[in-house]
Amino acid sequence: DIQMTQSPASLSASLEEIVTITCQASQDIGNWLSWYQQKPGKSPQLLIYGATSLADGVPSRFSGSRSGTQYSLKISRLQVEDIGIYYCLQAYSAPFTFGSGTKLEIK
Amino acid sequence: EVQLVESGGGLVQPGRSLKLSCLASGFTFSNYGMNWIRQAPGKGLEWVASISSSSSYIYYADTVKGRFTISRDNAKNTLYLQMTSLRSEDTALYYCARGAASRYWGQGVMVTVSS
């Protein structure tokens, strides 16, 4: 099974700061990587699919990148509405696997 | 507008069965693969099962394989999850989601397994 190692587990950053969250896949998953944001009491929302494609309606300050088997989500200028928990998901090979999540807070 | 509405959750005793439904609207249901994803209270997301648009391909997490069955009725725009031999560790909010990238999610339905 493919393991997704997500880091950091938690992150506190200032408004307007650049934030980066990473997921390391245990083997090649191509671009079958998505990023989600979940706010308290809400369903997760797709941010990035295909490792780098921005989902409809998602602010352009969010971006995804890939370097080999390492995937990153970057928030270029942190806003207060960006607080929540972020997850990656590999859908390359079943069983599909989520990262363990990154809790993002405002400093 | 894409809508996914889960139903069928509740409190069930260990070892018993429960069937969840997800009614889809606002898109051509038969064109998309579908997923069940769960979240235990205070925990992260766990992928449970996926089914292709025509039910030709079905996949399960190891934690539910042999106990859960995913299915769909394209004529009724409905996705199902039949859960048997339920365990306390199956207690979670169960979401249905559309497509390989899970672009759209329902609001979730709670399943509590307890005596």
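The rules behind these values
Residues numbered from 1 in each chain as written. Chains lettered and ligands numbered in written order. Predicted model: local features only at pLDDT ≥ 70, side-chain atom pairs only at ≥ 80, totals over all residues. Heavy atoms only, no water. Helix = DSSP H or I, 4+ residues; strand = E, 2+ residues; numbered from the N terminus. Rg over C-alpha atoms; globule rule 2.2 N^0.38 Å. Buried < 20%, exposed > 50% of the residue type's maximum accessible area, 1.4 Å probe, protein only. Contact = heavy atoms within 4.5 Å. Areas by Shrake-Rupley, 256 points an atom, 1.4 Å probe, with all protein chains shown as cover. Lys, Arg positive; Asp, Glu negative; His and termini not counted. Charge placed at Lys NZ, Arg CZ, Asp CG, Glu CD. Buried area = accessible area lost by both parts, 1.4 Å probe. Salt bridge = Lys/Arg side-chain N within 4 Å of Asp/Glu carboxyl O. Polar contact = N/O pair within 3.5 Å; in protein donor to acceptor, adjacent residues only side chain to side chain. Pairing = 2+ DSSP bridges. Axes fitted to C-alpha atoms, helices over the stretch in contact; angles between N-to-C directions. Disulfide = S-S within 2.5 Å.

### Focus: the overall build of chain B
Then comes step 1: From N to C terminus, chain B includes 0 helices and 11 strands.
Then comes step 2: Relative to the compact-globule value of 13 Å for 115 residues, chain B shows a C-alpha radius of gyration of 13 Å, a close match.
Then comes step 3: Taking the principal axes of the C-alpha coordinates as reference, chain B spans close to 40 × 25 × 25 Å.
Then comes step 4: Here chain B, with 115 residues, has 47% of them falling under the buried criterion.
Then comes step 5: Taking the contacts inside chain B whose residues are at least 6 apart along the sequence as the reference set, 52% of them involve residues at least 24 apart.
Then comes step 6: Of the roughly 5,300 Å² that chain B leaves accessible, carbon and sulfur atoms contribute 47%.
Then comes step 7: Between the mean site of the 11 positive side-chain charges and the mean site of the 7 negative ones, chain B shows a separation of 3 Å.

### Notes on the interface of chain B and chain A
Then comes step 1: Chain B puts 20 residues into the contact, and the matching count from chain A is 18 residues.
Then comes step 2: Between chain B and chain A the total buried area reaches about 1,500 Å² when both faces are included, carbon and sulfur atoms providing 62% of it.
Then comes step 3: Among the residues chain B hides against chain A, the three largest losses belong to Leu-45, Trp-47 and Arg-103 of chain B. Together they make up 40% of the total.
Then comes step 4: Put simply, chain B and chain A have 0 salt bridges between them.
Then comes step 5: Viewed at the interface, chain A and chain B are joined by 4 residue pairs in polar contact (both at pLDDT 80 or more).
Then comes step 6: Of all elements in the fold, only β4 (34–39), β5 (45–51) and β6 (58–60) of chain B reach the threshold of two or more residues within the side of chain B that touches chain A.

### Points about the sheet that holds strand β1 (residues 4–7) of chain A
Residues and elements named next belong to chain A.
Then comes step 1: Taken in spatial order, the 4 strands line up as β1-β3-β8-β7 in an open sheet, and their pairing is antiparallel. Edge strands, defined here as strands with exactly one partner in the open sheet, are β1 and β7 (62–67). The sheet shows a mean angle of 20° between the axes of neighbouring strands, direction not considered.
Then comes step 2: Pairing geometry for β1 and strand β3 (residues 19–25), over 4 bridges, is antiparallel. Its bridge partner lying in β3, Thr-5 is registered against Gln-24.

### Some details on the sheet that holds strand β1 (residues 3–7) of chain B
All names here are of chain B.
Then comes step 1: Strand order in the open sheet formed by 4 strands is β1-β3-β8-β7, and the pairing between neighbours is antiparallel. Two strands close off the open sheet at either side, each with one partner strand: β1 and β7 (68–73). Strand-to-strand twist across the sheet, computed as the mean angle between neighbouring axes with direction ignored, equals 15°.
Then comes step 2: As paired elements, β7 and strand β8 (residues 78–83) share 6 bridges and run antiparallel to each other. When the bridges of β8 are listed, Ser-71 appears paired with Tyr-80.

### Observations regarding the state of the cysteines
Think of a disulfide as a covalent bridge from one cysteine sulfur atom to another cysteine sulfur atom.
Then comes step 1: Counting across every chain of the model gives 2 disulfides over all chains.
Then comes step 2: Put simply, Cys-23 of chain A and Cys-88 of chain A are joined by a disulfide, and their sulfur atoms are 1.9 Å apart. Residues Cys-23 of chain A and Cys-88 of chain A are joined by a disulfide whose S-S torsion is about -90°; by sign, that bridge is left-handed. Taken together, the residues span a long stretch of sequence, with Cys-23 of chain A in strand β3 and Cys-88 of chain A in strand β9 (residues 84–90) at a distance of 65 residues. Residue Cys-23 of chain A shares its accessibility class with Cys-88 of chain A, and that shared class is buried.
Then comes step 3: Through a disulfide, Cys-22 of chain B is tied to Cys-96 of chain B; the S-S separation comes to 2.0 Å. The chirality of the disulfide connecting Cys-22 of chain B with Cys-96 of chain B is right-handed, given an S-S dihedral of about 55°. With Cys-22 of chain B in strand β3 (residues 18–25) and Cys-96 of chain B in strand β9 (residues 92–98), this residue pair connects regions lying 74 residues apart in the sequence.

In short, shape yes, function no, at least from these values alone.
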